[in-house]
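Notes for the structure review
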Amino acid sequence: ILNVEQSPQSLHVQEGDSTNFTCSFPSSNFYALHWYRWETAKSPEALFVMTLNGDEKKKGRISATLNTKEGYSYLYIKGSQPEDSATYLCAPHGSGNTGKLIFGQGTTLQVKP
Amino acid sequence: DVKVTQSSRYLVKRTGEKVFLECVQDMDHENMFWYRQDPGLGLRLIYFSYDVKMKEKGDIPEGYSVSREKKERFSLILESASTNQTSMYLCASNNQGRGLNSPLHFGNGTRLTVT
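Throughout what follows, the structure given in this document is the object of discussion. Here, residues in each chain are numbered from 1, in the same order as that chain's written sequence. To label them, take the chains in the order written and letter them from A, then take the ligands in the order written and number them from 1. In keeping with the predicted nature of the model, local features appear solely for residues at pLDDT of at least 70, side-chain atom pairs appear and are counted solely at 80 or more, and the whole-chain, interface and lining totals rest on all residues. Neither water nor hydrogens contribute to the side-chain values; these are computed over all heavy atoms in the structure.

**Some words on the overall build of chain B**
Helix and strand labels come from DSSP, where a helix needs a run of H or I of at least four residues and a strand needs a run of E of at least two; each type is numbered from the N terminus. Helices and strands together make up the secondary structure of chain B, namely zero helices and twelve strands. Radius of gyration: C-alpha atoms only; globule rule: 2.2 Å multiplied by the number of residues to the exponent 0.38. Its C-alpha atoms give chain B a radius of gyration of 13 Å, near enough to 13 Å, the size a compact globule of 115 residues would have. Expressed as lengths along the three principal axes of its C-alpha atoms, the size of chain B is roughly 40 × 30 × 25 Å. Counting only residues that meet the buried cut, chain B has 47% of its 115 residues in that class. Only heavy atoms enter the contact rule, under which two residues are in contact if any of them lie within 4.5 Å. Expressed as a percentage of contacts within chain B between residues at least 6 apart in sequence, the contacts between residues at least 24 apart total 55%. All accessible areas in this document rest on Shrake-Rupley with a 1.4 Å probe, and a residue is counted as covered only by the protein chains that are shown. In the structure as shown, chain B presents an accessible area of about 5600 Å², 47% of it carried by carbon and sulfur atoms. Remark: exposure states derive from per-residue accessible area (1.4 Å probe, protein chains only) relative to the maximum for the residue type, with buried under 20%, exposed over 50%, and partly exposed in between.

Have a look at this one:
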């Protein structure tokens, strides 16, 4: 897996807005996809690890879907709050790259109160 | 909770110095990783290790080496620091026993400045 694209690069929303970002990756040789949240001055924190096509995972107001056939994953945040402000990273994992996650550049979300 | 501890939060070193970045995890994880993060480039893997005394190159190993003498400790070494190694360095670990589904646990990062 060589190319991981996350869009948009940055996003500014108002508190209460719902939002979503995209992670695109080559669909061949897919094994798993990780999502992380990275708040300023903290360490990246795992949100989800997804492996199955059509998988949907949820953690509070945050959910993610996975399409391995077309090579994308969406992350949704419902009713954004200021504490959701962070950089969201996706990292697909190919079966041929044991131990190696390839990280996207991230989507930086700013939620204004 | 897994704790991954990096020895320094901020570090300033001179060009040509040998620099050691230390990382310790307390959950008996087999896998440990060193990444660097630069604006616009995302997290890039420098080196990783599956076991004690085992190491494998990541995507950008040039100018770096690593040491894993004990399972809980993974050190990143800059043999002769250069200004292009100014960056945020992140250590991570995960449980190989759970395979590739195991999420990474990250340290807080070391912001290294080489002058």
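**Points about the side chain of Thr65(A)**
The residue Thr65(A) is located in strand 7 (residues 62–67) in this model. Residues within four places of Thr65(A) in sequence aside, it is in contact with Met50(A), Asp55(A), Glu56(A), Tyr72(A), Ser73(A), Tyr74(A) and Tyr76(A).

**Some thoughts on the interface of chain A and chain B**
Every contact between the two is made by 22 residues of chain A and, on the other side, 22 residues of chain B. Summing both sides of the interface, chain A and chain B together bury roughly 1800 Å²; the carbon and sulfur share of this comes to 63%. We count a salt bridge whenever a side-chain nitrogen from Lys or Arg sits within 4 Å of a carboxyl oxygen from Asp or Glu. Put simply, chain A and chain B have zero salt bridges between them. Here a polar contact is recorded for every N or O atom pair within 3.5 Å, except that within protein the pair must consist of a potential hydrogen donor and a potential acceptor, and residues adjacent in sequence are included only if both atoms are side-chain atoms. Scanning the region where chain A abuts chain B turns up three residue pairs in polar contact (both at pLDDT 80 or more). Once two parts are put together, the accessible area they lose, assessed with a 1.4 Å probe and summed over both, is termed the buried area.

**Things to note about the sheet that holds strand 7 of chain A**
Residues and elements named next belong to chain A. If you trace the five strands from one edge of the open sheet to the other, you get 1-3-8-7-6, paired in antiparallel fashion. Among the strands making up the open sheet, the edge pair consists of strand 1 (5–7) and strand 6 (56–59). Direction aside, the axes of adjacent strands within the sheet are offset by 15 degrees on average. In this sheet, strand 8 (residues 72–77) lies alongside strand 3 (residues 19–24) in antiparallel orientation, the contact comprising six bridges. Bridging across to strand 8, Thr 22 finds its partner in Tyr 74. A pair of strands is considered paired only if DSSP assigns at least 2 bridges between the two. All axes here are fitted lines through C-alpha atoms, helices being fitted over the stretch that makes contact, and every angle between N-to-C directions spans 0 to 180 degrees.

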